[in-house]
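# Observations on the three-dimensional arrangement
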Amino acid sequence: MTIEFEAPKPLVNMQNMLQTVAENMMRSTSREMDENEHSIPWDYIEFMHTAMRSMGGAGGLAPVEEKPKEGAEKRPPIGYQKLAVQIEMLAWGDVGYYLVTPGGGLGAAAVQAAGTPEQKAKFLARFNEEKPTFAAMCMTEPGAGSDTSAIRARAVLDEKTNEWVINGEKIFVTAGDKSFTEYEKLGKGFIVVWASIDPSAGRAGMRAFVVEAGTPGVKITKLEHKLGIRASDTASISLVDARVPFENLLGSPTVEKTTTGFKGAMATFDATRPLVAASGLGVARAALEFLKEKLKENGVEIRYGLPRQKLTSVEREVIDMEIMLKSAWLMVLKAVWMADNKKPNALESSMSKVKAGDVCTKITQKAVEILGPIGYSREFLLEKWFRDAKITDIYEGTGQINRLVVARQILGYSGSELR
């Protein structure tokens, strides 16, 4: 069998198509969206929904495998690899825009990971309907950021009505507003709220609940004003006696002594962390390409192949940035390849997220430093990419938390043994 190092043709075709979207639809209005935080890019949302529906992939973070043509040899699975390439390219265009790409996001990923076949059929089918639809994950609380065991939201079963009654407060919910507020142009979205059904059981008592858009007792209390990714909404949400049907609980309502159910749901992040890493690397590639373009305009071309001591300081720095970017991308590819092939990838997933968080922060910062006034000026997008980059190291598990995950996986410690 021949070893092939070229990217599969479907990935290359997808990348070329999305580059057109990134250049013509995202870059041209990046500054406008950055300076008008909380405005909604309806043209982009509707265009992407129509395009994804036509390709059978309007579910957001759910991987889609193309059926082989009749008589053709079956291709190895590439659904997550395709997603990583898509996300990297869209983030290269504008990572804030990418975050308002319609679809299920983390909310749908939680349903996919922990839902029953009936729940998946009920909640995921809506992303392929006529109107673009969003879903979001609500986990973080004012007193519970990375430490999910400190979640205080509570769900109590009302046995008379067979409904869960949820009370609590959630913050920093990406796409929370578009998922919960009933906009005329959007389909009926939902949020997935994490709450405890038995606080005395700790993490074993944690469950996720699907809360439909417009549910009484649920309110968007705040939209964050942020350093970067300003095209994307980040919401605070309060739940006061919010009632949801019994069957909207994802997983089993029985509290056992083990945390198996909780860990199963957390496996959502094994699939999504490499995708977040891919988005950060899209930003880093945009900054690096802009840096090389401006250096070339000023007569500085990188002389590849020379001994390091014969290179200028700027040449060495650019080459070091390229090494960082490519090594981080290889870690993403390994993590998504493992996801495609259903191999446990908790270690590789967190490693790729840690590396990408570091790399996109360092590359965008170094590009600003090297270009000086050009890098700092709002005339160009580089200063924006520098602001956008930092979130990669913060959301979907901070760099510190993912380092802990990596250390526990390598050294064989549990969460209670290594904190």
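Here we summarise the structure given alongside this text.

About the criteria used
Residues numbered from 1 in each chain as written. Predicted model: local features only at pLDDT ≥ 70, side-chain atom pairs only at ≥ 80, totals over all residues. Heavy atoms only, no water. Buried < 20%, exposed > 50% of the residue type's maximum accessible area, 1.4 Å probe, protein only. Helix = DSSP H or I, 4+ residues; strand = E, 2+ residues; numbered from the N terminus. Contact = heavy atoms within 4.5 Å. Core = buried A, V, L, I, M, F, W, Y, C linked by side-chain atoms within 4.5 Å. Axes fitted to C-alpha atoms, helices over the stretch in contact; angles between N-to-C directions. Parallel < 35°, antiparallel > 145°, perpendicular 65-115°, else oblique. Left-handed = near helix turned anticlockwise from the far one by under 90°. Nonpolar A, V, L, I, M, F, W, Y, C, P; charged D, E, K, R; others polar. Pairing = 2+ DSSP bridges. Expected span 1.5 Å × (residues − 1). Arc of directions from axis to C-beta. Salt bridge = Lys/Arg side-chain N within 4 Å of Asp/Glu carboxyl O.

## Here we look at helix 5 (residues 105-114)
- Restricting attention to buried positions, one finds in helix 5 the residues G107, A108, A109, A110 and V111.
- Looking at the packing, one finds that the buried side of helix 5 touches helix 6 (117-124), strand 1 (135-138), strand 4 (190-196), strand 5 (206-212), strand 8 (249-250) and helix 9 (268-297).

## Remarks on the nonpolar core
- Counting residues in hydrophobic clusters, the biggest one holds 60 residues, and the most contacted among them are Y44, L291, I363, L382 and W385.
- Elements that contribute at least two residues to this core include exactly helix 1 (9-26), helix 3 (42-54), helix 4 (79-98), helix 9, helix 10 (313-340), helix 11 (346-371) and helix 13 (382-389).
- Among the elements that take part in this core, helix 9 stands out by supplying 14 residues, more than any other.
- Excluding its chain neighbours within four sequence positions, the residues that come into contact with L382 are A287, F290, T364, A367, V368, L371 and G375.
- In terms of nonpolar packing, the next biggest core, distinct from the first, is built from 41 residues, F127, V218, I237 and L239 among them.

## Section: the packing of helix 9 against helix 10
- One can describe the packing of helix 9 onto helix 10 by two numbers: an axis separation of 10 Å at closest approach and a directional angle of 155°. Of the possible angle classes, the one that applies to helix 9 and helix 10 is roughly antiparallel. Judged by the sense of rotation from one axis to the other, the crossing of helix 9 with helix 10 is left-handed. Packed against helix 9, whose contacting residues are P274, L275, A277, A278, L281, A284, R285, L288, L291, K292 and L295, the element helix 10 presents V314, V318, M321, E322, L325, A328, W329, V332, A335 and V336 at the interface.
- Along the lines of polarity and charge, the residues of the contact of helix 9 with helix 10 split into 18 nonpolar, no polar and three charged.

## Looking at unusual backbone geometry
- The residue I229 is not glycine, and still its phi comes out positive at about 35°.
- Its identity is not glycine, yet D241 carries a phi of approximately 50°, on the positive side.
- Along the chain, D241 turns up in strand 7 (residues 234-245).
- With relative accessibility at 49%, the residue D241 sits in the partly exposed group.

## Observations regarding the pairing of strand 1
- What you see with strand 1 is no split at all: A135 and M137 on one side and A136 and C138 on the other are buried throughout.
- Note that strand 1 and strand 4 share four bridges and pair parallel. Along strand 4, the bridge assignment pairs M137 with V192.

## What to know about helix 1
- Between its first and last C-alpha atoms helix 1 spans 25 Å; for 18 residues at 1.5 Å apiece the expected length is 26 Å, and the two agree.
- Among all positions in helix 1, only P10, L11, M14, L18, V21, A22 and M26 are buried. When helix 1 is viewed along its axis, its buried side chains cluster within an angular range of 100° and face the same direction. Opposite its buried face, helix 1 presents the exposed residues K9 and N24, each directed more than 90 degrees away.

## Remarks on the packing of helix 9 against helix 13
- Look at helix 9 against helix 13: their axes get within 10 Å of each other, and the N-to-C directions meet at 155°. With respect to helix 13, the axis of helix 9 lies roughly antiparallel. Handedness of the helix 9/helix 13 crossing: left-handed. Here helix 9 contributes V283, A286, A287 and F290 to the contact with helix 13, which in turn contributes L382, W385 and A389.
- When grouped by side-chain class, the residues that make up the contact of helix 9 with helix 13 number seven nonpolar, no polar and no charged.

## Remarks on the pattern of salt bridges
- Under the criterion given, the structure shown has 28 salt bridges.
- Between D158 and R243 there is a salt bridge, and its shortest N-O distance comes to 3.0 Å. Taken together, the residues D158 in strand 2 (residues 154-158) and R243 in strand 7 connect sequence positions 85 residues apart.
- On the accessibility criterion, R243 (37% relative accessible area) is partly exposed.
- Ionic pairing is found between R303 and E315, a salt bridge with its closest N-O pair at 2.8 Å. Of this pair, R303 sits in the loop between helix 9 and helix 10 while E315 sits in helix 10; the two residues are twelve residues apart in sequence, bridging distant segments of the chain.
- The class of E315 is buried, set by a relative accessible area of 2%.

## Quick notes on the side chain of Q81
- When you line up the elements, Q81 lands in helix 4.
- Q81 sits in the buried class, given a relative accessible area of 13%.
- Those residues in contact with Q81 that lie beyond four places of it in its chain are L11, V336, W337 and D340.

Note that all results are geometric; they support no functional claim without further evidence.
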